[in-house]
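What the coordinates show
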Amino acid sequence: MLWKKTLRGAEQYQQGSMKIPRSTQEMIPVKRILNDGMFVLDSGEYSKMFAFTDINYTELRDEEKMRRLVDYSALLNSIDKGIYAKISIFFRPIRQEQFERDVLIPMNSEDELDDYRENMNTVLREQVRGTLGMTKQAYLTITAGRRNDEDAAAFFARVEGNLISSFQALGVELRAVPLSERLRLLHDIYRPGLEETFRYDAHAEKKLGMNWKDSIAPLSAEALNSCTHLKIGGRYCKTLFLNAYPIYLNDRIVSDIASIGKPMIFTIDFLPIPSAEAMAEAESRSMAIDTKIVNYTLHQQRNGNYSGSVPYKLMQRAAGVQEVMEAIQERDQNLYLVTVTVAHFADTREELENDAESIMSKGKSISCQFLPLLAQQYEGLNTALPFGRPFIQADRLLTTQALAGICPFAAQEIYYPGGSWFGINAKTKRLITINRDMLMSGNSLVLATTGGGKSFHIKEDALQVALKGEADIFFVDPECEYVVATQRLGGTVISLSPSTPHRINPLEISADPDDRSSEPLKEKLEFVMSFCRILLMEDGNVLDGKMKSLLDRCVRKLYAPVVASGYTKSSPLLGDLYRMLKEQDAPEAQELALRMEIYTAGSYDMFAQPTNVDTQAHIIDYDLSKLGEGMNAVGMLIVLESIYSRLMDNWRKKRHTYIYIASVAVISSARRRTRRKYSIVRRHASCSKTATSSRCCTSLHRTETYLQKCLACLRRRSRRLPRSSTAQDSSRSAARLCRLKTISRPIIPCIS
């Protein structure tokens, strides 16, 4: 066998270490475990496990795929020579208990919305039938021999740093797997159906005289010496290995095998060979083949055959060795000993055999021959599980480029426990759930063509939030799209118009006397200045320093009685501010009062009266459809100021807040009118980044800066689309244009 120096120890270990265990605890080839997640194998080697995320590889263009494969090749080359690496990809179904806990909405008898909850749960149950309930998890396990625990910890700390930087170049996040998670992974494989019973407490087990293997070992194991299968924990298992490789590996091999939709573990074991050893062995092989060619030619000449050609197989071997030498010397390629295994599971023996036939058939379709391991099923299962090095001899020599062809990336799965349902992944056909509490930023952007389903998605998202009952919801509704939904959910509809009786006092102030960090007066002054800025900008004027000082003086004087009463006295009205400005002698104050008069004593005095609607409801829809063109900017500012006051109250109470702002372009056609509005959204977004319980979900259909450029570019692209292109195709183009993550709907949530 080639590469004797590298494989000498590996062969001895593989041949002599695996014995038929006498108990289920002995099935686990681990001598001891360490608190930092490391395993010490029976061979004395150390192994550490890392989890990494997926990327949308299959959606990339060919040039981008090539770039990612080059980066992945660089990652493979960065792994130290002489140590084993294992990539394990777990495909597991979502358990019924897990699905009900993580996705379904629990009933609540305190309200009258259980009918909606039952209907939503029925829809969700229909979505997880068949293969839709599968999850994908990818892990990398590094195995190396070290003298003691301290040396191993230092080695893996260095390896972890290198791997994190290498995976970041691919756009992939990598993290070390803690001990409890690693043990739980093995527990779920060894004890199917008992996943919820996993408990590991090292101190408690030590007091009871138990071994850590007792917590995860199979409760039963049969047919360990069988030639064809195993039965562990009442479930059947069969391991196959990749026997014959094609000339060119397909980068869809992992996704094609997983497409059968059955629980399985796809494992890639590889051992990097030192370049010097690989080159020396290749040169030795090349010289041996050249000697055979010369001897064959001399033999033919002695027999009088001067025109005989060298056998094709001999020439092919010479070309293969030459290609390997060129790859090492000129293309920065390394050599790897690779073992590919697939361990799949089934509840019955018949189902197990059918799944094995499906895997082998899928392999043949991409010129790969998968065969079951004979009399090595126990060793094959331990090879597939993320312990460390392989326990079977089924390796194949591959270059870096060929190994990178077995690409573990396919499509990014978006599944967050306890999240809202957002649809089905168009590529993997699996459930998409998003929990905004688990994201760096809970904000989202909905962008689609007319009729693409923007409003429907917002209603669907808000419905799930409302049914869970853990947040307050606010709609800023310029087109009366969410009135019916709000009423059916028991919310309050505030229709703002001179012709309706609903009124909001924008100068209402509330504060927590015990919260010294809050500055309600400064925040209210910001609103008053933004309001006056809009009034002045209608004629192209600006709010200068004199006007700001006047407003500051009036606001402090206006709220002095409220502050003195500990914020228990009723707040002033906009008319009070108007009259106070009229009392000032400065001409700037008279100009501001004159511009404010129409909103306090004129036709638009709807915001100069006390609040007569319930602004403390959990669901509020601010209907602005009848507001009128002249009141759009002022009305939007006052509505968001009212929402912001409530939002800060929720922030102090550690309660979630969802704000849905629909059709921003309809509300404000001028960029200058949106300054305070976007400032409120940004301020809340910054709060959400400081580990508070509030979240702001702004659904901005169109904005006036970046999005206008994107939409203009999208329109130019749409002129070049085929006539058969649909709205969904256009939305996907918009997704690629905005560099946002796409799901199988005409909507694009921005997931940070």
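Residues numbered from 1 in each chain as written. Predicted model: local features only at pLDDT ≥ 70, side-chain atom pairs only at ≥ 80, totals over all residues. Heavy atoms only, no water.

Before going further, it helps to examine the overall build of the protein. If you tally the helices and strands in the protein, you get 24 helices and 19 strands. Within the span of the protein, comprising 752 residues, buried residues form 53% of the whole. Sequence separation of at least 24 residues holds for 76% of the intrachain contacts in the protein that already meet a minimum separation of 6. Of the roughly 35,000 Å² that the protein leaves accessible, carbon and sulfur atoms contribute 49%. (Helix = DSSP H or I, 4+ residues; strand = E, 2+ residues; numbered from the N terminus. Buried < 20%, exposed > 50% of the residue type's maximum accessible area, 1.4 Å probe, protein only. Contact = heavy atoms within 4.5 Å. Areas by Shrake-Rupley, 256 points an atom, 1.4 Å probe, with all protein chains shown as cover.)

Overall, the coordinates contain 13 aromatic pairs when judged by the stated rule. What links up through ring pairs into an aromatic cluster is the set Phe 52, Tyr 72, Phe 167 and Phe 409. (Phe/Tyr/Trp six-rings, centres within 6.5 Å; stacked < 30°, edge-to-face > 60°.)

So, about the sheet that holds strand 16 (residues 471–477). As summarised here, the arrangement of the four strands in space is 17-18-16-19, forming an open sheet in which the pairing is parallel. At either end of the open sheet lies a strand with only one pairing partner, and these are strand 17 (492–495) and strand 19 (656–661). Sheet twist, expressed as the mean angle between neighbouring strand axes with direction ignored, is 15 degrees. Across five bridges, the pairing between strand 16 and strand 18 (residues 619–623) is parallel. (Pairing = 2+ DSSP bridges. Axes fitted to C-alpha atoms, helices over the stretch in contact; angles between N-to-C directions.)

The N-to-C vectors of helix 18 (residues 574–583) and helix 19 (residues 587–600) enclose an angle of 150 degrees; their axes lie 8 Å apart at closest approach. Here helix 19 runs roughly antiparallel to helix 18, going by the angle between their axes. As helix 18 runs across helix 19, the sense of the crossing is left-handed. Across from Leu 574, Gly 575, Leu 577, Tyr 578, Leu 581 and Lys 582 in helix 18, the residues of helix 19 making contact are Ala 589, Gln 590, Leu 592, Ala 593, Met 596, Glu 597, Tyr 599 and Thr 600. Residue composition of the contact of helix 18 with helix 19, by class: nine nonpolar, three polar and two charged. (Parallel < 35°, antiparallel > 145°, perpendicular 65-115°, else oblique. Left-handed = near helix turned anticlockwise from the far one by under 90°. Nonpolar A, V, L, I, M, F, W, Y, C, P; charged D, E, K, R; others polar.)

Another aspect to go through is unusual backbone geometry. In the Ramachandran plot, Ala 375 falls in the positive-phi region, its phi being about 60 degrees despite a non-glycine side chain. Mapping Ala 375 onto the fold places it in the loop between strand 12 (369–372) and helix 12 (377–384). Ala 375 sits in the partly exposed class, given a relative accessible area of 47%. In this structure, Tyr 567 is a non-glycine residue whose phi angle is positive, near 65 degrees. As for its placement among the helices and strands, Tyr 567 is situated in the loop between helix 17 (545–564) and helix 18. Of the residues examined, Tyr 567 reaches a relative accessible area of 22% and is grouped as partly exposed.

Residues spaced three or four apart along an α-helix face the same direction, because each turn holds 3.6 residues. For helix 20 (residues 632–653), which comprises 22 residues, the first-to-last C-alpha distance of 32 Å matches the rise-based estimate of 32 Å (1.5 Å per residue) to within 8%. A large share of helix 20 lies buried, amounting to 18 of its 22 residues. Taken from the residues just after helix 20, Lys 654 is the one with a positive phi, measuring 60 degrees. (Expected span 1.5 Å × (residues − 1).)

Counted residue by residue, strand 11 (residues 335–346) has twelve buried out of twelve residues, so it is predominantly covered. Alternating residues of strand 11 divide into Leu 335, Leu 337, Thr 339, Thr 341, Ala 343 and Phe 345 and Tyr 336, Val 338, Val 340, Val 342, His 344 and Ala 346, and every residue in both groups is buried. As judged from the six bridges shared by strand 9 (residues 235–244) and strand 11, these two strands associate in the antiparallel manner. Of the residues in strand 11, the one forming a bridge with Lys 238 is His 344. Bridge count for strand 11 against strand 13 (residues 396–399) is four bridges, and the pairing is antiparallel.

Keep in mind that these numbers describe shape and distance, not what the molecule does.
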